[in-house]
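Reading the structure
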Amino acid sequence: MPLHHETPLLHSVALSARVQAPVWLKLESAQPSASFKLRGMGLAAERAVARGATRLVSSSGGNAGYAVAWAGRALGVPVTVVVPSTTGARMRGLIEATGAEVQIAGDVWDEAHAAATTLAEQTGGALLHPFDHPDIWTGHASLIAEVAQAGLTPTQVVVSVGGGGLLAGVLQGMDAAGWSEVPVLAIETHGAESFSAALAADRPVTLPAITSLALTLGSKRVCDQVFAQAKTHPVQSIVVSDASAVQACAQFLDDHRVLVEPSCGAALSVVYDQHPAVMHTAGSILVIVCGGAGVTRTQLDDWLAATRT
Ligand SMILES: *Cc1c(COP(=O)(O)O)cnc(C)c1O
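All of these numbers come straight from a predicted model, not from anything done at the bench.

Describing the pairing of strand β8 (residues 184-189)
By the criterion of burial, β8 is predominantly enclosed, with six of the six residues buried. Side chains V184, A186 and E188 of β8 all project onto a buried face; the interleaved residues L185, I187 and T189 project onto the opposite face, where all are buried too. Relative to β8, strand β7 (residues 156-160) runs parallel, the two being bridged by four bridges. Note on β8: the bridge partner recorded for V159 is A186. Each parallel crossover has a hand, and for β7 linked through helix α7 (residues 165-176) to β8 it is right-handed.

Have a look at this one:
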């Protein structure tokens, strides 16, 4: 049985009014781990345990680590999440509250990942990569299968891109649903635009640094898989400002009473800001509301203040 939940598919009156076309929301914020990550990490965890893993290890201090913690709890398998020192106390607390152990190693993700790799080898645990694995893409693809099952065929899909695991899964799911021709808008923030940079260079490249506050999108390089898929599927890259992403979070909270991370606000912002790419759609627009646990009311207020010009 999958560890993720089937999520609501909601027609948004507020967002539809912005673009004068039906806008549908796939509410991944309703997953128990607050993001779509439970789909991919849940499947990867299930498969690892089926292969004999007795411990799960994650190197993500964000939503991926939180999802692994949830998956381990549901499967009755101990989980260790190795996070860099920059991971906040609140996120560590959320992960620990699920029963997982949190270890701190290094100051950046790469160092935590190296420590997690060693730990997995020493303990015989399975190390689950946050975005670069076929199980992850197959798990994420299930969200598109649910939309197709509900009878909706959009004419445009809007989705955020970090390391590209979500987009890879969405494209895989779209191919399986027979939506290979449906265009996708891939949204990033300035300072985290690794997908946009890959398209411009015609190969995945490594950004020098992440300067966006949408840290969940802050992978310096996208996976090869998503770059290859973007060659055969119509995908348009759009890069928005942190201010737009954060304002979209605030507007979405008012409109739908759902609090999401700026990584998710980035996707919502192209509709709220009436980006030309969404203004003349012939049919329905599907927005993947990817969610995220790394946000509070107070934090959102701080981001709004920090990005106000
Ligand atoms: C992980 C995550 C993303 C980015 O997903 P990738 O698979 O890294 O592209 C976007 N939003 C949220 C809330 C996430 O947790």
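Quick word on helix α3 (residues 63-75)
Over its 13 residues, α3 runs 18 Å from end to end, which matches the ideal 18 Å to within 8%, given 1.5 Å per residue. Three or more residues of α3 are buried, namely N63, A64, G65, Y66, A67, V68, A69, A71 and G72. Check the buried side of α3 and you find it contacts α2 (37-50), β3 (56-58), β4 (79-83) and α4 (89-97). Within two residues after α3, G76 carries a phi angle of roughly 70°, on the positive side.

What about the packing of aromatic side chains?
Tallying each qualifying case throughout the model produces zero aromatic pairs. A cation over a ring is seen here: R73 above W70, with NZ or CZ 5.1 Å from the ring centre.

Topic: the packing of α3 against α4
Helix-helix packing: each pair is described by the crossing angle between the helix axes and the interaxial distance. Their axes nearest at 9 Å, the elements α3 and α4 cross at an angle of 15°. In terms of axis orientation, α3 runs roughly parallel to α4. Judged by the sense of rotation from one axis to the other, the crossing of α3 with α4 is left-handed. Contacts from N63, G65, Y66, A69 and R73 in α3 reach M91, L94, I95 and A97 in α4.

Observations regarding the pattern of salt bridges
The full count for this structure, using the stated rule, is six salt bridges. Between K26 and E146 there is a salt bridge, with the nearest N and O atoms lying 2.7 Å from each other. Highlighted residues: K26 in strand β2 (residues 23-27) and E146 in helix α6 (residues 134-149), separated in sequence by 120 residues. Between K231 and D202 there is a salt bridge whose closest N-O contact spans 2.5 Å.

What counts and how
Residues numbered from 1 in each chain as written. Predicted model: local features only at pLDDT ≥ 70, side-chain atom pairs only at ≥ 80, totals over all residues. Heavy atoms only, no water. Buried < 20%, exposed > 50% of the residue type's maximum accessible area, 1.4 Å probe, protein only. Helix = DSSP H or I, 4+ residues; strand = E, 2+ residues; numbered from the N terminus. Pairing = 2+ DSSP bridges. Right-handed = clockwise from strand over helix to strand, strands pointing away. Expected span 1.5 Å × (residues − 1). Contact = heavy atoms within 4.5 Å. Phe/Tyr/Trp six-rings, centres within 6.5 Å; stacked < 30°, edge-to-face > 60°. Lys NZ or Arg CZ within 6 Å of the ring centre and 35° of its normal. Axes fitted to C-alpha atoms, helices over the stretch in contact; angles between N-to-C directions. Parallel < 35°, antiparallel > 145°, perpendicular 65-115°, else oblique. Left-handed = near helix turned anticlockwise from the far one by under 90°. Salt bridge = Lys/Arg side-chain N within 4 Å of Asp/Glu carboxyl O.

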